[in-house]
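Remarks on the overall topology
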Amino acid sequence: MTRDGWVLADAFDRAAPTYDAMVALSPGYHDQLATAATALVDRLPRAGADGGPVTVLDLGCGSGASTRAVLDAWARAGRRPSDLNVRGVDASEGMVAQARAKEWPDAVELVVADAVQHLAGLADGSVDGVLGAYLLRNVPDRERLVREVARVLRPGGAFVVHDYSVAGSLRARVAWAAVCHGVIIPLAVLKRSDVPLHRYLYTSVRDFDSVETVCGRLQAAGLVDVRHRSYPGWQDGVVHTVVGSLPDRGSR
Ligand SMILES: C[S@@+](CC[C@H](N)C(=O)[O-])C[C@H]1O[C@@H](n2cnc3c(N)ncnc32)[C@H](O)[C@@H]1O
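The text that follows walks through the structure, step by step, so that each part is easy to find.

Here is what the cut-offs are and how they apply
- Residues numbered from 1 in each chain as written.
- Predicted model: local features only at pLDDT ≥ 70, side-chain atom pairs only at ≥ 80, totals over all residues.
- Helix = DSSP H or I, 4+ residues; strand = E, 2+ residues; numbered from the N terminus.
- Buried ≥ 20, exposed ≤ 12 C-beta atoms within 10 Å, placed from the backbone.
- Contact = placed C-beta atoms within 7 Å.
- Pairing = 2+ DSSP bridges.
- Axes fitted to C-alpha atoms, helices over the stretch in contact; angles between N-to-C directions.
- Near = placed C-beta within 6 Å.
- Nonpolar A, V, L, I, M, F, W, Y, C, P; charged D, E, K, R; others polar.
- Expected span 1.5 Å × (residues − 1).
- Core = buried A, V, L, I, M, F, W, Y, C linked by C-beta atoms within 7 Å.
- Right-handed = clockwise from strand over helix to strand, strands pointing away.
- Parallel < 35°, antiparallel > 145°, perpendicular 65-115°, else oblique.

1. Comments concerning the overall build of the protein chain
For the protein chain, the helix and strand inventory stands at 9 helices and 7 strands. Here the protein chain holds 252 residues, and 42% of them are scored as buried. Contacts in the protein chain between residues at least 24 apart in sequence constitute 75% of all its contacts with a sequence separation of at least 6.

2. Some remarks on the sheet that holds strand 4 (residues 127-133)
Here we have 7 strands laid out as an open sheet, ordered 3-2-1-4-5-7-6, and mixed in their pairing. The open sheet has two edge strands, strand 3 (108-112) and strand 6 (224-229), and neither has a second partner. Pairwise comparison of adjacent strand axes, ignoring direction, gives a mean angle of 15 degrees for this sheet. In this structure, strand 5 (residues 153-164) lies alongside strand 7 (residues 239-245), joined through 7 bridges in antiparallel fashion. Residue Val 160 lies in a different strand from strand 7, and its bridge partner there is Val 243. Across the sheet, helix 9 (residues 211-220) touches strand 5, strand 6 and strand 7, and the angle it forms with strand 7 is around 15 degrees.

3. Describing the environment of Val 160
Structurally, Val 160 is set in strand 5. With 27 residues separating them in the primary sequence, Val 160 and Ala 133 have C-alpha atoms 7.9 Å apart.

4. What about the site of the ligand?
Lining the immediate environment of the ligand, one finds 21 residues, of which Gly 60, Gly 62, Ala 65, Ser 92 and Ala 115 sit closest. At 3 residues, the largest contribution of residues to the shell around the ligand is made by helix 1 (residues 8-24). Residue composition of the shell around the ligand, grouped by class: 14 nonpolar, 5 polar and 2 charged.

5. A look at helix 3 (residues 65-76)
Here helix 3 is 12 residues long and its end C-alpha atoms lie 16 Å apart, about the 16 Å a rise of 1.5 Å per residue gives. Residues of helix 3 that are buried include every one of Ala 65, Ser 66, Thr 67, Arg 68, Ala 69, Val 70, Leu 71, Ala 73 and Trp 74, and no others. The positive-phi residue at the C-terminal boundary of helix 3 is Gly 78, with phi of around 80 degrees.

6. Considering the nonpolar core
Among the nonpolar cores identified, the biggest contains 67 residues, and Ala 37, Leu 40, Val 70, Leu 131, Val 149, Phe 159 and Val 160 are the most heavily contacted of them. Not counting residues within four places of it along the chain, the set of residues in contact with Phe 159 comprises Val 130, Val 149, Leu 153, Leu 218, Leu 223 and Gly 244.

7. A closer look at the environment of Arg 151
Locating Arg 151 in the fold gives a position in helix 6 (residues 142-152). Residue Arg 151 is classed as partly exposed on the basis of its 18 C-beta neighbours within 10 Å. For the pair Arg 151 and Leu 40, spaced 111 residues apart in sequence, the C-alpha to C-alpha distance is 17 Å.

8. Describing unusual backbone geometry
Even without being glycine, Tyr 134 reaches a positive phi, approximately 60 degrees. Positive phi, close to 55 degrees, is recorded for Arg 192, a residue that is not glycine. Tracing the backbone shows Arg 192 in the loop between helix 7 (170-190) and helix 8 (195-206).

9. Notes on the pairing of strand 3
Where strand 2 (residues 84-90) meets strand 3, 5 bridges bridge the pair, whose relative direction is parallel. Across the sheet, Val 89 pairs through a bridge with Val 111, a residue of strand 3. With helix 4 (residues 93-100) bridging strand 2 and its parallel neighbour strand 3, the resulting β-α-β unit is right-handed.

10. Describing the packing of helix 7 against helix 8
Between helix 7 and helix 8, the least distance of the axes is 9 Å, while the angle of their chain directions is 170 degrees. When the axis of helix 7 is compared with that of helix 8, the two are roughly antiparallel. Contacts between helix 7 and helix 8 involve Arg 173, Trp 176, Cys 180, Ile 184, Ile 185, Ala 188 and Val 189 on the former and, on the latter, Val 195, His 198, Arg 199, Leu 201, Tyr 202, Val 205 and Arg 206. Looking at the contact of helix 7 with helix 8 residue by residue, the classes come out as 10 nonpolar, 1 polar and 3 charged.

11. Structural notes on the pairing of strand 5
Counted residue by residue, strand 5 has 9 buried out of 12 residues, so it is predominantly covered. In terms of strand pairing, strand 4 meets strand 5 through 6 bridges, oriented parallel. Across the sheet, residue Ala 133 finds its bridge partner in strand 5, namely His 162. Following the backbone out of strand 4, through helix 6 and into the adjacent parallel strand 5, one traces a crossover that is right-handed.

Okay, here's the thing in structure tokens:
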């Protein structure tokens, strides 16, 4: 819930039918998700914590673009499809309905739930990897989300945060304001998507943590080898991928 009774999950429900068309207009959206998913797969253990398939959570999976990116990155790494389970979790029924309308292998499960509440129901060390693509900014208690991710990760497991962040860079803040007011919000009007959600996109990014703060959150939760990267073009310093790992037992 945000101001004046405006509820984020409801806004995503309204935007769900046009979501894929909107992100198709965003240059680099899918390529950058592919890079983030590859960064996750590169850090995943060879087998799951219980010796079975590797388990990945895609928190805030939306209409499934990030879930698909994980499957594709896994395949590009030459790993067997049967060695991976992915659970997409999203608070918006409408977004999950869009995802469920797509074709998925049996290894993919899609769940309607709040990310923090879903994590709270999982056992310690039960997950091998977590992706949060465009999620963290939307979660009111970010510290709790990161802490819960660190708790459910097994030693050697990995967490990737992929999101917009402009705090601390005047150039990035100006670029973000120009793109939102000049392109994204007008396009939402043209495409009959949810305009308040796209205004929220502007303010939520404007007010989000700096990328250094995001890295610090992961480190404070016990993750190590925390690195971040950005992308070329106007998104340089605006779109970021942050990667961290829980220390392996041997290195603790
Ligand atoms: C911008 S979309 C990104 C979807 C997908 N990860 C992608 O990369 O295309 C953000 C998603 O996060 C979901 N979301 C926001 N807050 C959430 C929360 N607390 N728990 C679960 N999902 C949440 C929204 O419903 C929305 O579908």
